Amino acid sequence: MALLRKTYGKDHVRVMRVDRNGDRHEVRELTVRAMLTGDFDETFTRAENAASVATDTVKNIIHVVARENIALGTELFCAAVAQRLLDLYPGVDGATVSGHETKWQRLAVDGVPHGHGFVLDSNGKPFAKVVATRGGMATESGVSGFTFMKSTGSGWENYVQDRFTTLPETGDRLAATAMDASWRWRDAPRDYEAANARILGELLKLFASTYSASIQDSLYRMAMAALEAVAEISDISMACPNKHYLPVNLSPFGLDNANQVFVATDEPHGQIECTVGR
């Protein structure tokens, strides 16, 4: 039987680049697919791998190009990856590289653009819940899947260390979460929409503008800020999964990584939840 078409490569390479220009950071997150064509027929037809590049190598090249091109936009970054693959491997006659961007918008705190705080574009789903009985009515508001991050100002240190611990401590990490939050009303505010916006604004302001010793630390202080800002709520509950961005080890390729190139992972993730009330 004839081999009519063939291609292979690496898909879903999620890479985050942080361009650290003083106190103002730019973040660029892409999900990259890099597919190769070339003289690889015998890998399919004769179990002969001598002409084939490992897909893990393709992933590594994407990371290396990311480190060398922190500030490139999506089109130019994909072009740089494709060109590197062609330059390195004579047996490759074509490289198709696509990058789908996860768009982050700069967070504004008190109307001022924040240097390293960001929220996901087209973000979150506000909701309300009312439970009514003959004896009364209880109202709850909130937001689900509201995603935000900061590219510095967060750490995780001084936790339990034993023979099962492999995670290294750090005082400077990228912190991101997709928050589900709800707050219960003890009194109706004059304007629910305005009050909800203020609560969310206080949560984000506290997260972005203060150092986080852990997500747990930030959540408690975020809740206190919301309770102090809006007297009509009685308590607030938050569930925040860690959206992990792990620094890529580039030392095998003779490159450093000063918290600039990260791989994004969704599973497994840390899950932090709390309820704070008056």
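Here's a quick rundown of the structure.

Here we look at the packing of aromatic side chains
- Applying the stated criterion across every chain, the model contains five aromatic pairs.
- Pairing Phe148 with Phe207 gives two aromatic rings, centres 4.8 Å apart and planes at 80°, and the pair type is edge-to-face. Of the two residues, Phe148 sits in strand β7 (residues 136-150) while Phe207 sits in helix α4 (residues 192-209), which places them 59 residues apart along the sequence. For the pair formed by Phe148 and Phe207, the shared burial category is buried.
- One aromatic cluster is present, built from ring pairs that chain together Phe146, Phe148 and Phe207.
- Here Arg17 stacks its cationic end above the ring of Phe77, 4.4 Å away from the centre of that ring.
- Over the face of the ring belonging to Phe207 we find Lys150, whose NZ or CZ atom lies 4.7 Å from the ring centre.

Thoughts on the packing of helix α2 (residues 55-68) against helix α3 (residues 74-88)
- Where α2 contacts α3, the axes come no closer than 10 Å and their chain directions differ by 125°. Regarding the angle of α2 to α3, the classification is oblique. The chirality of how α2 crosses α3 is right-handed. Side by side, α2 and α3 meet where Val58, Ile61, Ile62, Val64, Val65, Ala66 and Glu68 of the first sit next to Phe77, Ala80, Val81, Arg84, Leu85 and Leu88 of the second.
- Taken together, the residues of the contact of α2 with α3 sort by class into 11 nonpolar, no polar and two charged.

Quick look at the pairing of strand β5 (residues 112-120)
- Alignment of strand β4 (residues 104-109) against β5, held across five bridges, turns out to be antiparallel. Each bridged residue has a counterpart across the sheet, and for Trp104 the counterpart in β5 is Leu120.
- Hairpin connection, β4 to β5: the antiparallel pair is bridged by two residues, and Asp110 has positive phi, about 55°.
- Alignment of β5 against β7, held across three bridges, turns out to be antiparallel. Residue pairing for β7: Val119 is matched across the bridge by Phe148.

Re α2
- Here α2 is 14 residues long and its end C-alpha atoms lie 20 Å apart, about the 20 Å a rise of 1.5 Å per residue gives.
- Within α2 the residues assigned to the buried category are Val58, Asn60, Ile61, Ile62, His63, Val64, Val65, Ala66 and Arg67.
- Those residues of α2 hidden inside the fold are in contact with β1 (8-21), β2 (24-38), α3 and β11 (261-265).

Looking at the packing of α4 against helix α5 (residues 215-229)
- Following both chains from N to C, one finds α4 and α5 inclined at 140°, their axes separated by 8 Å at the closest point. When the axis of α4 is compared with that of α5, the two are oblique. The two elements α4 and α5 meet at a crossing, and its hand is right-handed. Across from Arg198, Ile199, Glu202, Leu203, Leu206 and Phe207 in α4, the residues of α5 making contact are Ser218, Arg221, Met222, Ala223, Ala225, Ala226 and Ala229.
- Its residues placed into classes, the contact of α4 with α5 shows nine nonpolar, one polar and three charged.

Let's talk about the sheet that holds strand β3 (residues 92-102)
- What the five strands build is an open sheet, ordered β3-β2-β1-β11-β10; its pairing is antiparallel. Among the strands making up the open sheet, the edge pair consists of β3 and β10 (244-247). Neighbouring strand axes in the sheet, compared pairwise and without regard to direction, differ in orientation by 35° on average.
- When β10 meets β11, the two strands line up antiparallel, connected through four bridges. Paired with His244 across the strands is Thr265, a residue of β11.
- Where α2 meets the sheet, its contacts fall on β1, β2 and β11, and the angle it forms with β1 comes to roughly 20°.

A word on the environment of Ala188
- Among the secondary structure elements, Ala188 is positioned in the loop between β8 (175-185) and α4.
- With relative accessibility at 58%, the residue Ala188 sits in the exposed group.
- Sequence separation between Ala188 and Glu232 is 44 residues, and the spatial gap between their C-alpha atoms is 6.5 Å.

So, how was this worked out
- Along every chain, residues carry numbers that run from 1 in the direction the sequence is written.
- Per-residue local features are limited, in this predicted model, to residues with pLDDT of at least 70; the limit for side-chain atom pairs, both in listing and counting, is 80 or more; totals at the level of whole chains, interfaces and linings are taken over all residues.
- Hydrogen atoms and water are omitted, and side-chain values are computed over all heavy atoms in the structure.
- The rule is short: rings of Phe, Tyr and Trp, with Trp giving its six-membered ring, pair when the centres are within 6.5 Å, and they are stacked under 30 degrees, edge-to-face over 60, tilted in between.
- Runs of E in the DSSP output that reach at least two residues are strands. Runs of H or I that reach at least four are helices, and both are numbered from the N terminus.
- Only protein chains enter the accessibility calculation, which uses a 1.4 Å probe; a residue is then buried when its area is under 20% of its type maximum, exposed when over 50%, and partly exposed in between.
- Any Lys NZ or Arg CZ that is within 6 Å of a ring centre and within 35 degrees of that ring's normal is treated as a charge sitting over the ring.
- The convention used is that axes are lines fitted to C-alpha atoms, helices contributing only their stretch in contact, and that angles between N-to-C directions extend from 0 to 180 degrees.
- To sort the angles, those under 35 degrees are grouped as roughly parallel, those over 145 as roughly antiparallel, those from 65 to 115 as roughly perpendicular, and the leftovers as oblique.
- Take the far helix as your reference; a near helix turned counterclockwise from it by less than a right angle gives a left-handed crossing, and one turned clockwise gives a right-handed crossing.
- Residues are treated as being in contact if the distance between any of their heavy atoms lies within 4.5 Å.
- Basically, the charged four are Asp, Glu, Lys and Arg, the nonpolar ten are Ala, Val, Leu, Ile, Met, Phe, Trp, Tyr, Cys and Pro, and anything else, Gly included, counts as polar.
- Note on pairing: two strands pair once DSSP finds at least 2 bridges between them.
- Expected helix span is computed as 1.5 Å times (number of residues minus one).

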